[in-house]
Amino acid sequence: MKAKTMRQTLLILIFLFTIPSTYSQSLRTYSINGYVQDKESGERLIGCYVFDPEKSRGILTNSFGYFNITANEGNNKIATHYLGYNDQSISLIIINDTTIIIKLTPAQPFKLDEVSIISSGFEAKLSRPQTGLLNLNSKDVKRLPSFLGESDVMRAIQVLPGIQAANERSTGISVRGGSIDQNLFLLDDAPVFQISHMMGFFSVFNNDAVKDIKVYKGDIPANYGGRLSSLIDIRTKDGNLQNVAVSGGVGIICSNLSVEGPIVKNRVSFIVSGKYSYLGLLYKRIESNVDLTFYDLNCKLNAVINNNNRIYISSYNGNDNSKIGMNANYHNNTLSMRWNHIYNPKLFSNVSLIYSNYRYTTSYSTETNNNSLNYSWNSGIQQITLKAEYNYYLNSNNTIDFGASTTYKNFMPGKLEGNKTVIDNITKSEPFSNRVVDEQRVQEYAMYISNQQKITEKLSFKYGIRASLYQDMGGHWVYKLINHQVVDSVYEAKNKTYANFFSLEPRIGINYRTSNNSAIKASYSYTTQQDQLIMKTNGGGPLDVWFPSDNNIKPQKSSQYSLGYVHYMLNNLLEASIDGYYKHMTDIIDYKDGASFLESSSVYTINKTSYNFEEQLRAGNGYSYGTELMLKSDFNKLNGFISYTYARSFRKIPDINHGQTYLSPFDKPHAFDVFLNYNATKRMSISANFRCQSGQVTTIPFYVIEMWGKALSGYSNRNEYRLPSYQRLDLSLTIKNKEHPGQYYHSEWNFSITNVLNHANIQYVNFVSSKENPNIINAKGVSMLGIIPSVSYHFNF
Amino acid sequence: MQHDTRFPKYVNRKAVIFFVNYILLCVCSVMVIFLSSCQQNLDVEIKTNDKLLVVNGEFTNDSVVHSIELYCSGSLITGRPQAVVSGATIYLTDKTDTFNYIENRDTLGLYQTLGKCRGKGGHIYHLSITNIDIDKDGKLDSYTANSLMPLPIKFDSLTSKRGLDGDRNMGVINRAYYKTFYNGPDYVYPYVLLNKLHLYGTITDRLGSGEINRAEKGLIAPKVVSPGSFVNNFSYFSISKNTVVKGDTISFICFNFTKEIYGFLKEFDNNTYSGDSFQENIYDQLKIPSNVSTNIEPAGKSAGYFFVYSVSSISKVFYE
């Protein structure tokens, strides 16, 4: 019976694959393949819609600007839609497989006396079976009011529906109720583990180096995995293949400079883009004990070997130094080497070797009457990945993606080093080095296959599966926990595998066009996350620790169901959409009640071996659901969006909140956003961004009891209390300097005001004893940002 | 192109304009940094129902008058102190015997049994507290607790003789031999009396888990998993030679309690070790806030503990 069912399934699949091609075999068909690029710079364009206008059938260029469509023998027309560029239409006579390079011209500067409209690529959105995808580029980021004078990629992503900032001073995000560690950030395919600078005010992504940003809110393509909530795929520019170009900016917090150009014209190009913050230098004038500096450096080399081969080498290097009480130093770097190869017009491949490293050190000094203690805490994660990805354009109705990867990861969750000095009759200083948590190694393998299939003119499917194997390798002590207490430990030999986690992750999507300008979409995706992050604060901080899943803390899993409807109006310039989702998560982790992030005994006890922090964690279930409504415009003069999100997020984990369901730290029921950009004249534009959302949840102390002469404070249920709501209005004015015709040098001033209403948005609450009555605890809410004007100057030539 | 006469011929006009713009930007930046506001502290109004019933009482197998104290928790927000709870109706039962508690007329909030009474090891005791309205909502509230009184360890004998202790110091070496049974304690808290005076000594449990720390408030007792069986054990302790003389009475006493009580005592210690329940030590700031556990139901409306435990003891007069 089972064999019969399998045969039937196989026959149905073969039927689905071959019916469209069987029909089209009555006419000869050929491939039209190639790249879409910027005419002026040679930059390959990602996500450009290339289509046959007569058949309304098309495809998006892949992450490297490559496309392939099937055309009949004879006369054909190819057209393009891409935001910010003029549409193009090309007539071709096809007699065999044809390779072309389509060069798009950037859209003319906006003219007041024209009612011209910039196309928004609505066709692609209406026919693609993908839910929860948001697409941005660096120009979109610049249109938003700058934050302290800086256009920041993560700040732009935080205003999008379904996404919220972990808190105001953090660039971490919560996507559809998930925690901030459940988001995968890729920079040219390299994972970035720490995305914040300066305690969270800025992100590590340099907007001048960014070409394309895709945010997948849960419906993650099968070629990616390892995180539950979202994928943020950021691609950097390749470098101008034709001319040297320089751009930069000077602001009150930091400055940036980008230089790009050809090394061999039309063959080899480079781009170097850097950002440096000098806020610390200014602060030192006021308070010599304070230091706050960071830098980012993006470098990329792009070489066109021949028509079928291209190589990219891109790197990122970033560093943070902060000294406010505690010293903290973060270091981030990535290196990606990628080789594109076209085997034949239907088969495109990308092979990558990727390295990613994140390391931080925090140090602290304390002194009591007779003792002093200086220590530093080191933690980090490194990984190397080799992967091969293929796009196979089977026919005009089927595009198959498949590939495989292998990754080696090294975790250093925590190492403590320092000096302890006892000042007594004899001053005695003892150095110590405690392996608070052993280094751990992981080997991971993954394979995937997926197909995007057009069944009819109205109906298209996307289905795929990802398989992954996550293996814990030995070379360290492994602890056995029973009832969350270490009962045994075993030293596992190096290179021996002591735990394996295999997962199959289906990803399914469907798109049905209800009319020429509307569509219904639905999707289901199952994802797993094996790399775990434990955070002291909900927005992340210096004591965050990455560690691998093992037999005590199993991988997290998530099933997400999404349903959406999108409708275009007014010549497809107004987009209205509604998306709903339900997400169920298992094995998510949280600290138990009373957990300690740094056991005092591990600091004061010398010769103590590894301390197992897994005793502090508990795993359980979570669920979230919500609805996202958005109205978005793409008019020439006025563009932007209005959105409302209703979203809830809950957890139920044993030993937390008496085992009862409690609010997730990222539960914010209501969020209302308005972003508007108005191009007043050719030289002046004004933008405004307003957000109003529910306050952060928190746990507060509110009662005290006395037993045996000692006072003991008591707390509310976990996350039971909600802080006042959050509101912020940012405004920005951009004025371009006058230019003469043919002038190469362009410059503009940007004036921004962050938090125009000067609303005090409380980030956290401190509880301090009242000076008048020590029995009274005053709740002091801390707001980080008041009204902050900023000014910056930008240039390019 | 005509030369701009505002600038000398040898000066690059664009460079000057750029330089002036840059200076203006720097001046604006400095002004902005000094003028703009940053961190603000604001008073936050917190409205909570912060009235919990606090119970502090104990019940043992000793024949004594047993007591329970009832309080209403204090408020950290208003500074209202902990207040006694008067007029409650309290009884304790193991479904065989029932003990009623009466409020002491001189000390409100203190409830005591009518005369001496004792509990029995191996029995589960159910505490009931009713006839009070803690949250002042006009409805009477009821609270309960269920606790097992562990079977006390049974001492067989106590040997004492002079000799060298583990640290090679001369003293009086003592061994208290005992048996422990099914439904016995998870932990024992031992202490030594010399002529009825509390005495610290080094106590070790050689046949137990070996994990000892007086500050941890208990020794892990050997576990008996089969009903009807028992485990032989002994506790070893030493007293320094200058303390004990012939004719002195050496007593060894153990409180036998469950792991739940041990957990409460440990959590209470961890949360109050600084002497101030409000955390200023960096290690406290690096903790997830949590409430000390309680065995009073309903959870979330009550705090404190009702301690049900058994007591074992053995004494001996010391001869040289």
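Residues numbered from 1 in each chain as written. Chains lettered and ligands numbered in written order. Predicted model: local features only at pLDDT ≥ 70, side-chain atom pairs only at ≥ 80, totals over all residues. Heavy atoms only, no water.

## Let's talk about the overall build of chain B
Scanning chain B from terminus to terminus reveals three helices and 20 strands. Counting over 320 residues, chain B shows a buried share of 42%. Residue pairs in contact within chain B that sit at least 24 positions apart in sequence constitute 68% of those at least 6 positions apart. Only carbon and sulfur atoms are counted for the fraction: they give 53% of the accessible area of chain B, which is about 17,400 Å². (Helix = DSSP H or I, 4+ residues; strand = E, 2+ residues; numbered from the N terminus. Buried < 20%, exposed > 50% of the residue type's maximum accessible area, 1.4 Å probe, protein only. Contact = heavy atoms within 4.5 Å. Areas by Shrake-Rupley, 256 points an atom, 1.4 Å probe, with all protein chains shown as cover.)

## Concerning the overall build of chain A
Helix and strand counts for chain A come out as six helices and 50 strands. Counting across all 797 residues of chain A, residues that qualify as buried make up 58%. Look at the contacts in chain A between residues 6 or more apart in sequence, and 66% of them connect residues 24 or more apart. For chain A, the accessible area works out to roughly 32,900 Å², and carbon and sulfur atoms hold 57% of it.

## Brief notes about the environment of B:Arg162
Residues and elements named next belong to chain B. Relative to the helices and strands, Arg162 resides in strand β11 (residues 154-164). Considered as a pair, Arg162 and Ser238 are 76 residues apart in the sequence and their alpha carbons are 9.3 Å apart. Looking at Arg162, its side chain comes within polar contact range of the main-chain oxygen of Val244, at 3.1 Å. (Polar contact = N/O pair within 3.5 Å; in protein donor to acceptor, adjacent residues only side chain to side chain.)

## Side note on the domain arrangement of chain B
Residue and element names in this part refer to chain B. Taken domain by domain, chain B holds domain 1 (53-150 + 261-271 + 284-308) and domain 2 (154-259 + 311-317). The partner domain 2 presents 12 residues to the 12 residues of domain 1 that form the contact. When the buried area of domain 1 at its contact with domain 2 is split by residue, Pro150, Ile261 and Tyr262 rank highest and sum to 51% of it. Scanning the region where domain 1 abuts domain 2 turns up zero salt bridges. (Domains from an automatic or database assignment. Buried area = accessible area lost by both parts, 1.4 Å probe. Salt bridge = Lys/Arg side-chain N within 4 Å of Asp/Glu carboxyl O.)

## Some details on the pattern of salt bridges
Residues and elements named next belong to chain A. One pass over the full model with this rule turns up 34 salt bridges over all chains. Of the charged contacts in the structure, one is a salt bridge between Glu389 and Lys387, with a shortest N-O distance of 3.5 Å. Take Glu389: its relative accessible area is 12%, and that puts it in the buried class. The shortest N-O distance in the salt bridge between Arg718 and Asp590 comes to 3.4 Å. With Arg718 in the loop between β44 (710-715) and β45 (721-722) and Asp590 in strand β36 (residues 574-591), this pair connects stretches of sequence that are 128 residues apart. The pair Arg718 / Asp590 is uniform in exposure class, with both members buried. Among the ionic contacts, a cluster of salt bridges with common partners joins Glu43, Asp188, Asp189, Lys211, Asp233, Arg235, Asp238, Lys300, Arg338, Lys387 and Glu389.

## A closer look at the domain arrangement of chain A
Residue and element names in this part refer to chain A. Here chain A is described as being made up of domain 1 (29-107) and domain 2 (133-796). If you average the C-alpha positions of domain 1 and of domain 2, the two centres end up 34 Å apart. Listed per partner, the contact involves 24 residues of domain 1 and 31 residues of domain 2. For the pair domain 1 and domain 2, the two sides together bury roughly 2,400 Å², of which 46% comes from carbon and sulfur. Looking only at domain 1, the three residues that lose the most surface to domain 2 are Glu43, Arg57 and Phe64, adding up to 26% of its buried area.

## Topic: the sheet that holds strand β11 (residues 183-187) of chain A
Residues and elements named next belong to chain A. Taken together, five strands build an open sheet; the order of strands is β8-β15-β16-β11-β12 and the sheet is mixed. Single-partner strands in this sheet number two, and they are β8 (133-136) and β12 (190-191). Judged from the six bridges that link them, strand β15 (residues 210-216) and strand β16 (residues 230-236) form a sheet pairing that is antiparallel. Looking at the pairing, Ile213 lines up with Ile234 of β16. (Pairing = 2+ DSSP bridges.)

## Some points on the pairing of strand β37 (residues 617-634) of chain A
Residues and elements named next belong to chain A. Direction of pairing for β36 relative to β37: antiparallel, over a ladder of 16 bridges. The residue bridging Asp590 from the neighbouring strand is Arg618, located in β37. In this sheet, strand β38 (residues 638-652) lies alongside β37 in antiparallel orientation, the contact comprising 14 bridges. Bridging from a neighbouring strand, Leu631 pairs with Ile642 of β38.

## Some details on the sheet that holds strand β6 (residues 88-94) of chain A
All names here are of chain A. Spatial ordering of the open sheet is given by β3-β2-β5-β6, a layout of four strands whose pairing is antiparallel. Looking at strand neighbours, the two that pair on one side only are β3 (57-60) and β6, the edges of this open sheet. Neighbour-to-neighbour, the strand axes of the sheet open up by a mean angle of 25°, direction not taken into account. Bridging between strand β5 (residues 74-81) and β6 involves seven bridges; their strand directions are antiparallel. Bridge pairing in β6 places Lys77 opposite Ser91. (Axes fitted to C-alpha atoms, helices over the stretch in contact; angles between N-to-C directions.)

## Quick look at the nonpolar core
Of all hydrophobic cores here, the largest spans 34 residues; its most connected members are A:Ile705, B:Phe257, B:Phe264 and B:Phe307. Among residues more than four places away in sequence, those in contact with B:Phe264 are A:Met707, A:Trp708, B:Val292, B:Ser293, B:Gly304, B:Tyr305 and B:Phe307. With 33 residues, the next largest nonpolar core counts A:Val437, A:Tyr470, A:Leu533 and A:Tyr591 among its residues. (Core = buried A, V, L, I, M, F, W, Y, C linked by side-chain atoms within 4.5 Å.)

## Quick look at unusual backbone geometry
In this model, B:Glu297 is joined to B:Pro298 through a cis peptide bond whose omega is 0°. Mapped onto the fold, B:Pro298 is located in the loop between α3 (282-285) and β19 (302-308). For A:Asn483, which is not a glycine, the phi torsion comes out positive at approximately 50°. Mapping A:Asn483 onto the fold places it in the loop between β29 (476-482) and β30 (485-492).

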